[in-house]
Amino acid sequence: MSEEIQILRPNGRLDSASSPALERQAFDCIDAGARLLLIDFVGLDYISSAGLRAALSVAKRMSAAGGRLALCSLSPQVAEVFEISGVDAIIEIHPSAESATERLMAG
Amino acid sequence: MAARPRTARAPTTETASPVSLIEEFLLLALEDEGGEFSRIPETSLSCGLAGAALMDLAIRGRIDSDLHHLWVVDPTPTDSAMLNEVLAEISAEPQRLHARDWIARLMPQALRLRAEAIQRLCERGILRREDHAFLWVLKARRYPVERGEERLEGKRRILALLFNREIPDPQDVALVALADACGVFERILDPTTFQEVGPRIRQLRRMDLIGSEIAHTAEVMNREIRAAERRTVIAGLAGNVMEWYDFGIYGYFAAIMGQKFFPAHDPATSLMASFGVFAVGFLGRPLGALIFGHLGDLHGRKHALTASVMMMAIPTLFIGLAPTYAQIGIAAPILLIVLRLCQGMAVGGEFTTSMVLLVESAQSSRRGLVGSFAPAGASAGMLLGSIVGAAITGLLPAAASAAWGWRAAFLFGLVIGVAVLIVRRRLPPDPTIEAISEARKSPVATAFRTEWRTILRITGMMLTLGIGFYLNFVYLSTWLTQYTHLTKPVTLLLNALMLGLQLVLLPLGGALSDRIGRKAQLLLSLAGFALLTWPLYNLIGHGSLVAVLLGQAGFSFLQAGISSVLPAFTVEALPKHVRCTALSFGTNLAQACFGGTVPMVAVALIAATGYRLAPSIYLSAAALVSLLVVLAWRMPPEERLG
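Residues numbered from 1 in each chain as written. Chains lettered and ligands numbered in written order. Predicted model: local features only at pLDDT ≥ 70, side-chain atom pairs only at ≥ 80, totals over all residues. Heavy atoms only, no water.

## What to know about the overall build of chain A
- Counting secondary structure elements, chain A contains 4 helices and 6 strands.
- Ordered by position in the sequence, the α and β elements of chain A form the string β-β-α-β-β-α-β-α-β-α.
- Residues counted as buried form 59% of the 107 residues belonging to chain A.
- Considering only contacts in chain A between residues 6 or more positions apart, those separated by 24 or more positions represent 79%. (Helix = DSSP H or I, 4+ residues; strand = E, 2+ residues; numbered from the N terminus. Buried < 20%, exposed > 50% of the residue type's maximum accessible area, 1.4 Å probe, protein only. Contact = heavy atoms within 4.5 Å.)

Below, the structure is given as structure tokens:
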């Protein structure tokens, strides 16, 4: 089990084509023992319902494993999807990677 | 450490659910008691099924969506034929549409999706079909193990989710959205708990972008359907008001019309002749039933109902203007007889065709309520006729009432008729007729060849209604004046009060039948008639105003119990292509043979036995026959309604 923060950085679009890969990567990290996971959306400019579903699946898997998942650096368009769907209420979202890292490390 | 993206693998969600979302949704909608799906409003159920198909395809990685559009990302067929048809339709659409547009577009396929999903659930050994009910095979409420995975059934999973703060599985989020859009939670949770978990439900249903559109679409569609339903109810109700208004005023002015059209030295003879013309109206009913039934099945309910209103309104105008015996001699009574025959034919077609129109236009969960507005319209019409008759005879001097007052009453009926015609012409096009093809050539022949048993059952069931109505709402006022100290005006007032009570009880009875089931309500009401008619007549026979009022109110409850359920029960019992013909004929046959003859039979029974309560035994016996008919009646599958 690792207390180190694992960071994933998807780029471009998170939709049905790209979300399975991100989901698998995140699952692999969790299965490998990561308990602090940060998905940095700084390079992401679009998210579809498949991407949102993937984020939810990862959050559920991490929660079941007893770890913490955080997202950061959401563009306004991506943030709108999280806000409208209410997923921002159940997944930690931070404005930047620094603040997210700080909060995750602080416990 | 930053992990770099790797090559995408196949979507893990493809094999996550052995039971599809449509199947899970249907299991959620299934009533544990009774094994029926029908309590959910039809539009909501259709929206739910369409939305479930979309969400299923999304979970299987075939489609994707965002806040604005929905599109196909992988047209590869799934392992489900029903989903593949939906996928093919979305693939064929050149434009990207909004999820809510797709839900609305797929709603007409809901019945097919439902049937296929039910079949799959039965094939998987999760449900079994017993008569028209679907029952769980597995008492443990876990799905059969497939692909090494065992899952708790959807209802248990999402209920658990409502009471904890866990992060949900995407499929459970979709299921919560579906359940909420279709009002499943209101049915399975008590009001306090439902209120408590309300915020959690709202939180969960938003998490799926397609799911959140289902509730919205269902709400919009329900609003539109309710508006159309209101228009149809007004049109169906108003027609019956008009047609039965005439019934009310003819009874009021029978004596005057007897003098005008059948002058005789003996006033009793002219009154008898006048009531004879009243009876002629009944003879026309089965004939009208066949003509308008045929028209309704062949050309649509709207056309038949427009024609029946005209057939009522035109003779009403002519009766209002008809020359009397003093003016044209024997031609006057002949003309009156012909006009009454036409009106009888119009009533024969109107009442039952409007029942069919109302029930067919209603959502399955509201058929009882909406259908009850046909008999409510008839009661309202008779009540209006009585009020207008009482107002004319009460306000005008007797000479004026005899000279032109009765004509004014009939001409007022024409005004109602024109209003009804306008309302009916504005009805939306008849959707049912598009689907009718089986009996295009001859609905009458088809009805008698294929539905003769149901026609006989309807006649058997209508026996009590016909005898009960004409005994308790027509003949009773004469009986009261003969065997109690109540005067004619008092008995007419009591009758009007009971018609008013019917107006309240009928919709309540219709709504009740939507909840407790039509057959149960019919059996209860018929048993009530069989057991309580004699005691109620005994009570009425005491003659005090309170006793009569209570007795008549008792009959009003029993009558409304049957009348209110009759439209939905009989319409659901018949296939749509012969529905108007079979229903009209079965109903009017009973009314003509047993309803119209009630006063005569009642008088004959009392004369033969010397027992003034003999008519009550006649009604009890009829109720017993109807009870046996309904008891042995097995309803056809739900799909037959179409």
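## Digging into the interface of chain A and chain B
- Listed as interface residues are 36 residues of chain A and, on the opposing side, 30 residues of chain B.
- Of the roughly 2,800 Å² buried where chain A meets chain B, counting both sides, 56% is carbon and sulfur surface.
- Summed over the shared surface of chain A and chain B, the result is 1 salt bridge.
- Between B:D208 and A:R53 there is a salt bridge, with the nearest N and O atoms lying 3.9 Å from each other.
- Linking chain A to chain B there are 11 residue pairs in polar contact (both at pLDDT 80 or more).
- Top element by residues in the side of chain A that touches chain B is helix α2 (residues 49–65) of chain A. It accounts for 9 residues.
- Partitioning the side of chain A that touches chain B into residue classes produces 17 nonpolar, 9 polar and 10 charged. (Buried area = accessible area lost by both parts, 1.4 Å probe. Salt bridge = Lys/Arg side-chain N within 4 Å of Asp/Glu carboxyl O. Polar contact = N/O pair within 3.5 Å; in protein donor to acceptor, adjacent residues only side chain to side chain. Nonpolar A, V, L, I, M, F, W, Y, C, P; charged D, E, K, R; others polar.)

## Brief notes about the packing of helix α13 (residues 301–321) of chain B against helix α15 (residues 331–361) of chain B
Residue and element names in this part refer to chain B.
- Orientation of α13 relative to α15, taken along the N-to-C sense of each, is 150 degrees, at an axis distance of 8 Å. Taken as axis vectors, α13 and α15 run roughly antiparallel relative to one another. As α13 packs across α15, the resulting crossing turns out to be left-handed.
- Class assignment for the residues of the contact of α13 with α15 results in 16 nonpolar, 5 polar and 4 charged. (Axes fitted to C-alpha atoms, helices over the stretch in contact; angles between N-to-C directions. Parallel < 35°, antiparallel > 145°, perpendicular 65-115°, else oblique. Left-handed = near helix turned anticlockwise from the far one by under 90°.)

## A short note on the side chain of B:T353
- With respect to the secondary-structure elements, B:T353 resides in helix α15.
- Discounting residues that sit within four places of it in the chain, B:T353 has contacts with B:F292, B:R301, B:A304, B:L305, B:C580 and B:S584.

## A closer look at a nonpolar patch on the surface
- A cluster of nonpolar side chains, B:Y325, B:I330, B:I334 and B:V338, forms an exposed patch at the surface whose accessible area comes to about 370 Å².
- Mapped onto the secondary structure, B:I330 falls in the loop between α14 (325–328) and α15. (Patch = residues over 30% accessible without salt bridge, like charges linked within 9 Å, V, L, I, M, F, W, Y side chains within 5 Å. Areas by Shrake-Rupley, 256 points an atom, 1.4 Å probe, with all protein chains shown as cover.)

## Things to note about the confidence of the model for chain B
Residues and elements named next belong to chain B.
- The pLDDT averaged across chain B works out to 83; a share of 88% of its residues lies at or above 70.
- This stretch, residues 1–17, has a pLDDT under 50; its non-local contacts, to residues over four places away or in other chains, come to 35 contacts.
- Our summary of model confidence lists the complex with pTM equal to 0.70 and ipTM equal to 0.87. (pLDDT = per-residue confidence, 0-100.)

## With respect to helix α21 (residues 452–483) of chain B
- If you look at α21(B), its biggest bend is around 60 degrees, right at B:Y475.
- Counting buried positions over the 32 residues of α21(B) gives 23, a clear majority of the element. (Bend = angle between axes of the 7 residues up to and from the residue.)

## Describing the pairing of strand β5 (residues 68–72) of chain A
Residues and elements named next belong to chain A.
- Across the 5 residues of β5, 4 count as buried, placing the element largely inside the fold.
- Bridge count for strand β3 (residues 34–40) against β5 is 5 bridges, and the pairing is parallel. When the bridges of β5 are listed, D40 appears paired with C72.
- In terms of strand pairing, β5 meets strand β6 (residues 92–94) through 3 bridges, oriented parallel. Along β6, the bridge assignment pairs L71 with I93.
- Following the chain from β5 across helix α3 (residues 76–85) to the adjacent parallel β6, one finds a crossover that is right-handed. (Pairing = 2+ DSSP bridges. Right-handed = clockwise from strand over helix to strand, strands pointing away.)

## Some thoughts on helix α3 (residues 81–92) of chain B
All names here are of chain B.
- When the terminal C-alpha atoms of α3 are compared, their 17 Å separation across 12 residues agrees well with the 16 Å that a helix rising 1.5 Å per residue should span.
- Residues of α3 that are buried include every one of M82, L83, V86, L87 and I90, and no others. Along the axis of α3, the buried positions cluster into a sector of 135 degrees, meaning they face one direction only. Along α3, the residues that are exposed and aim more than 90 degrees away from the buried face are A81 and A92.
- Its buried side turned inward, α3 meets α1 (21–29), α2 (42–59), β2 (63–65), β3 (70–72), α4 (99–106) and α5 (110–123). (Expected span 1.5 Å × (residues − 1). Arc of directions from axis to C-beta.)

## Looking at the nonpolar core
- With 101 residues, the main nonpolar core has B:M257 and B:W479 as its most contacted residues.
- Counting residues per element, this core draws most heavily on α21(B), at 15 residues.
- Counting residues in each nonpolar core, the second largest holds 94 residues, with A:F41, B:A52, B:M55 and B:I90 among its members. (Core = buried A, V, L, I, M, F, W, Y, C linked by side-chain atoms within 4.5 Å.)

## A short note on the packing of aromatic side chains
- Across all of its chains, the model carries 13 aromatic pairs over all chains by this definition.
- The interplanar angle of 90 degrees and the centroid separation of 4.9 Å between the aromatic rings of B:F469 and B:Y470 together place this pair among those described as edge-to-face. Residues B:F469 and B:Y470 agree in their burial class; the two are buried.
- Taken together, the ring pairs connect B:W479, B:Y483, B:F529, B:Y537 and B:F555 into an aromatic cluster.
- It is A:R13 that lies over the ring of A:Y46; its NZ or CZ is 4.0 Å from the centre.
- The ring of A:F27 has A:R61 sitting right over it, with the charged end atom 3.9 Å from the ring centre. (Phe/Tyr/Trp six-rings, centres within 6.5 Å; stacked < 30°, edge-to-face > 60°. Lys NZ or Arg CZ within 6 Å of the ring centre and 35° of its normal.)

## Considerations on the environment of B:M257
Residues and elements named next belong to chain B.
- Inspection of the secondary structure assignment puts M257 in helix α11 (residues 254–261).
- Note on M257: relative accessible area 0%, which makes it buried.
- For the pair M257 and A402, spaced 145 residues apart in the sequence, the C-alpha separation amounts to 8.4 Å.

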